[in-house]
Amino acid sequence: MLRKLMSLTTALSLGFAATSAPAHAEMIAKTSPHSVAETMDRLEAAVTAAGATVFARIDHAAGAQKVELELRPTQLLIFGNPKLGTPAMTDNQTAGLDLPLRVLAYADGEGVVHVTYHAPSTLAQTHALPEEAKYIQMMTGALDKLTGKAIAAE
């Protein structure tokens, strides 16, 4: 009995390790030379200039402060373009759980600002969408370009 329990525990541990590693690998992370607020201002401007819609900007640190908790600067921008999102949801409406797109900017303990988002291939995997779909490729390019503008040194 003990041997079976140990084997099961080992198998579960290996299974969790195998499933948690790809999720981390599918997050895109960049660093920004700007503050969190400036990075998000730049991202929001790039999104708007590209013709996409900003649905929300969430200041998690401000929310924490309202309940007398501390959180380093952390902001989330939620944005999208129905020309890209609608075809994904037409292929599988559950994609609406992960759309519109989201980009998080936060300062770590040393003050380095990070910009992080899920790779659109994750959307394809999670919702059984075709990874070669043009909208996945376009989302991938758009996120790279928009976050690139947000973190550009100029």
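Since the model is a prediction, treat every value here as computed from it, not as a measurement. The numbering scheme is per chain: residues are counted from 1 as the chain's sequence reads. Per-residue local features are limited, in this predicted model, to residues with pLDDT of at least 70; the limit for side-chain atom pairs, both in listing and counting, is 80 or more; totals at the level of whole chains, interfaces and linings are taken over all residues. Hydrogens are left out, water is left out, and the side-chain values use all remaining heavy atoms of the structure.

**A look at the overall build of the chain**
Across its full length, the chain carries six helices and five strands. A run of DSSP states H or I qualifies as a helix once it reaches four residues; a run of E qualifies as a strand once it reaches two. Both are numbered from the N-terminal end. Its helices and strands in sequence order give the chain the pattern α-β-α-β-α-β-α-β-β-α-α, from N to C terminus. Counting over 154 residues, the chain shows a buried share of 34%. Two residues form a contact once any of their heavy atoms are found within 4.5 Å. Considering only intrachain contacts with a sequence separation of at least 6, the fraction spanning at least 24 residues in the chain is 66%. Residue burial is assigned from relative accessible area. The probe radius is 1.4 Å, only protein chains are included, and a residue is buried under 20% of its type maximum, exposed over 50%, and partly exposed in between.

**Observations concerning the sheet that holds strand E3 (residues 74-80)**
DSSP calls a pair of strands paired once it identifies at least 2 bridges connecting them. Judged by pairing direction, the sheet is antiparallel, and its five strands sit side by side in the order E1-E5-E4-E3-E2 without closing on themselves. Bordering the open sheet on either side are strand E1 (27-32) and strand E2 (53-59), each of which pairs with just one other strand. Across the sheet, the axes of successive neighbouring strands diverge by a mean angle of 20 degrees, strand direction being ignored. Note that E3 and strand E4 (residues 101-107) share six bridges and pair antiparallel. Residue pairing across strands places Leu76 opposite Leu104, the latter belonging to E4. Sheet strands touched by helix H2 (residues 36-49): E1, E2, E3, E4 and strand E5 (113-118). Its angle to E3, the strand with the most contacts, is close to 5 degrees. To get an axis, fit a line to the C-alpha atoms, keeping to the stretch in contact for a helix; angles then go from 0 to 180 degrees between the N-to-C directions.

**Details of H2**
Multiplying 1.5 Å by the residue count of a helix minus one yields the expected span of that helix. Its 14 residues place the ends of H2 20 Å apart at the C-alpha level, agreeing with the 20 Å of an ideal helix rising 1.5 Å per residue. Taken as a whole, H2 has its buried residues at Val36, Thr39, Met40, Arg42, Leu43, Ala46 and Val47. End-on view of H2: buried residues confined to an arc of 160 degrees, all on one side of the axis. Buried residues in H2 make contact with E1, E2, E3, E4, E5 and helix H6 (134-151). Of the residues trailing H2, Gly51 is marked for its positive phi of about 90 degrees. To be clear, the arc concerns the directions from the helix axis to the C-beta atoms.

**Examining the packing of H2 against H6**
Relative orientation and spacing of two packed helices are given, respectively, by the angle between their axes and the distance between those axes. Two elements in contact, H2 and H6, have axes separated by 8 Å at closest approach and are oriented at 135 degrees. By the criterion of interaxial angle, the relationship of H2 to H6 is oblique. Seen from above, H2 lies across H6 with right-handed handedness. Along the contact surface, H2 presents Thr39, Arg42, Leu43, Ala46 and Val47, while H6 presents Leu146, Thr147, Lys149, Ala150 and Ile151. Within the contact of H2 with H6, the residues separate by chemical class into six nonpolar, two polar and two charged. Each angle gets one of four labels, with under 35 degrees taken as roughly parallel, over 145 as roughly antiparallel, 65 to 115 as roughly perpendicular, and the rest as oblique. Helix crossings are classified by the rotation of the near helix relative to the far one: an anticlockwise turn of less than a right angle makes the crossing left-handed, while a clockwise turn makes it right-handed. Under the grouping applied here, Gly and all other residues not named as nonpolar or charged are polar, the nonpolar ones being Ala, Val, Leu, Ile, Met, Phe, Trp, Tyr, Cys and Pro and the charged ones Asp, Glu, Lys and Arg.

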